[in-house]
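# A look at the structure
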Amino acid sequence: MSDALLEVRNLESFYGPVMAIRGVSLDVREGSAVAVLGANGAGKTTLLRTISGIMDPEKGEIRLAGEPIAGGDPDRIVRKGVVHVPEGREVFPLLSVAENLGMGAYTRRDDGVDGDIETVLRYFPVLKQRLGQPAGTLSGGEQQMLAIARGLMARPRIMLLDEPSLGLSPIMVRDIFAIIRRLKEERGVTMLLVEQNARMALGVADFGYVMETGQIVMEGPADRLERSPDVQEFYLGGREAGALAERRWKRRKTWRS
């Protein structure tokens, strides 16, 4: 990939003495959705936290439209157009839905906030019915919708979505990903999507990366990754039943592209 809106090069990040990100490089083109797949502990969340400034990288470069942003303060990075929708939603539970949406626009100084709220609510009509309700009383799926809607209120150049399916029912996961697809196709929202649900993620993404132990071990167009025997076996539930499956599961991944 080239001419990317977001460029990450040879990124390294640590939790204390533990290297969580090991030389990661990736690109996200403007208007595209890029998925990062991997199991728990692969380094996916650390990658997003480093891009958004919550964590400082030890080494490497992060560029947004060619401008270096690595190690910048999170509020500065938000003002540059990078919005992070964190794992676990993290809405403001005591504030109303309307107040949470307003918080998403806190960096803005234009007069288009009210119009954007109306636009956002067309994608999340259930929130329109709950504008005065404390966010902490919403269901998990509704809180996830609110977290995404709040992020959109910043008019982001790129959204970092961390595990949007986490802890949700299959029906709600389907609904959330349908909205994510619409935002990409109808609004041209650029997204970097971290997700364990590989099938859903690859279904909306244009391009994908697979992470293991802090490293990128495979990359390619989403449809090609979906056809990969390794991705099918280890992330799409394509293993056989019985002892043979157990032996195959323990074998070393080849990460064929």
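See the structure printed just above.
Residues numbered from 1 in each chain as written. Predicted model: local features only at pLDDT ≥ 70, side-chain atom pairs only at ≥ 80, totals over all residues. Heavy atoms only, no water.

## Quick word on the packing of helix α3 (residues 97-104) against helix α6 (residues 140-152)
- At their nearest, the axes of α3 and α6 sit 7 Å apart, and the two run at 35 degrees to each other. The way α3 lies across α6 gives a crossing that is right-handed. Taken together, the residues of α6 that come into contact with α3 (itself represented by Val97, Asn100, Leu101 and Gly104) are Leu146, Ala149 and Arg150.
- A per-class count over the contact of α3 with α6 returns four nonpolar, two polar and one charged. (Axes fitted to C-alpha atoms, helices over the stretch in contact; angles between N-to-C directions. Helix = DSSP H or I, 4+ residues; strand = E, 2+ residues; numbered from the N terminus. Left-handed = near helix turned anticlockwise from the far one by under 90°. Contact = heavy atoms within 4.5 Å. Nonpolar A, V, L, I, M, F, W, Y, C, P; charged D, E, K, R; others polar.)

## Describing α3
- Looking only at α3, the buried set comprises Val97, Asn100, Leu101 and Gly104. Down the axis of α3, the buried side of the element spans an arc of 100 degrees, and every buried residue falls inside it.
- Packed against the buried residues of α3 are α4 (113-123), α5 (125-128) and α6. (Buried < 20%, exposed > 50% of the residue type's maximum accessible area, 1.4 Å probe, protein only. Arc of directions from axis to C-beta.)

## Brief notes about the side chain of serine 165
- Within the secondary structure, serine 165 sits in the loop between β7 (158-162) and α7 (170-187).
- A polar atom in the side chain of serine 165 sits 2.6 Å from the side chain of glutamate 195. (Polar contact = N/O pair within 3.5 Å; in protein donor to acceptor, adjacent residues only side chain to side chain.)

## Things to note about the pairing of strand β4 (residues 59-64)
- Two strands pair when backbone bridges link them, and strand β1 (residues 6-15) and β4 are joined in this way by five bridges, in the antiparallel orientation. Bridging across to β4, leucine 6 finds its partner in leucine 64.
- Bridging between β4 and strand β5 (residues 67-68) involves two bridges; their strand directions are antiparallel. When the bridges of β5 are listed, arginine 63 appears paired with proline 68.
- The loop that links β4 with its antiparallel partner β5 comprises two residues; one of these, alanine 65, has a positive phi angle of about 50 degrees. (Pairing = 2+ DSSP bridges.)

## Points about the nonpolar core
- Core analysis: the biggest nonpolar cluster contains 49 residues, and Phe124, Leu127 and Ile148 have the highest contact counts within it.
- If one sorts the elements of this core by residue count, α7 sits on top with seven residues.
- Apart from the residues within four sequence positions on either side, leucine 127 is in contact with Val97, Leu121, Leu138, Glu142, Met145, Leu146 and Ala149.
- Of all hydrophobic cores here, the second largest spans 26 residues; its members include Leu64, Val82, Leu192 and Val194. (Core = buried A, V, L, I, M, F, W, Y, C linked by side-chain atoms within 4.5 Å.)

## Structural notes on the pairing of strand β2 (residues 18-28)
- Sheet analysis places β1 next to β2, joined by eight bridges and oriented antiparallel. Each bridged residue has a counterpart across the sheet, and for leucine 6 the counterpart in β2 is valine 28.
- Count of turn residues in the β1/β2 antiparallel hairpin: two residues, of which glycine 16 carries a positive phi of about 60 degrees.

## Remarks on the pattern of salt bridges
- Tallied over the full model, the rule gives 15 salt bridges.
- Across the pair arginine 182 and glutamate 186 runs a salt bridge, and its minimum N-O distance is 3.2 Å. Of the two residues, arginine 182 and glutamate 186 both sit in helix α7, four residues apart, roughly one turn of that helix.
- The exposure class assigned to glutamate 186 is partly exposed, which follows from its relative accessible area of 48%.
- One network of salt bridges, with partners in common, ties together Arg108, Asp110, Asp116 and Arg155. (Salt bridge = Lys/Arg side-chain N within 4 Å of Asp/Glu carboxyl O.)

## Points about α6
- Over its 13 residues, α6 runs 19 Å from end to end, which matches the ideal 18 Å to within 8%, given 1.5 Å per residue.
- Counting buried positions along α6 yields twelve of 13 residues, so the element is predominantly enclosed.
- All buried positions along α6 are accounted for by Gly141, Glu142, Gln143, Gln144, Met145, Leu146, Ala147, Ile148, Ala149, Arg150, Gly151 and Leu152.
- Along its buried surface, α6 packs onto β6 (82-85), α3, α4, α5, β7 and α7. (Expected span 1.5 Å × (residues − 1).)

## As for unusual backbone geometry
- One non-glycine residue, glutamate 163, lies in positive phi territory at about 50 degrees.
- Counting through the fold element by element, glutamate 163 comes out in the loop between β7 and α7.
- Glutamate 163 gets classed as buried once you look at its relative accessible area, which sits at 4%.
- The phi dihedral of threonine 213 falls on the positive side, at around 45 degrees, and the residue is not glycine.
- Its location among the elements puts threonine 213 in the loop between β9 (207-212) and β10 (215-221).
- Classification of threonine 213 by relative accessible area gives exposed; the value is 52%.

In short, geometric facts, not functional conclusions.
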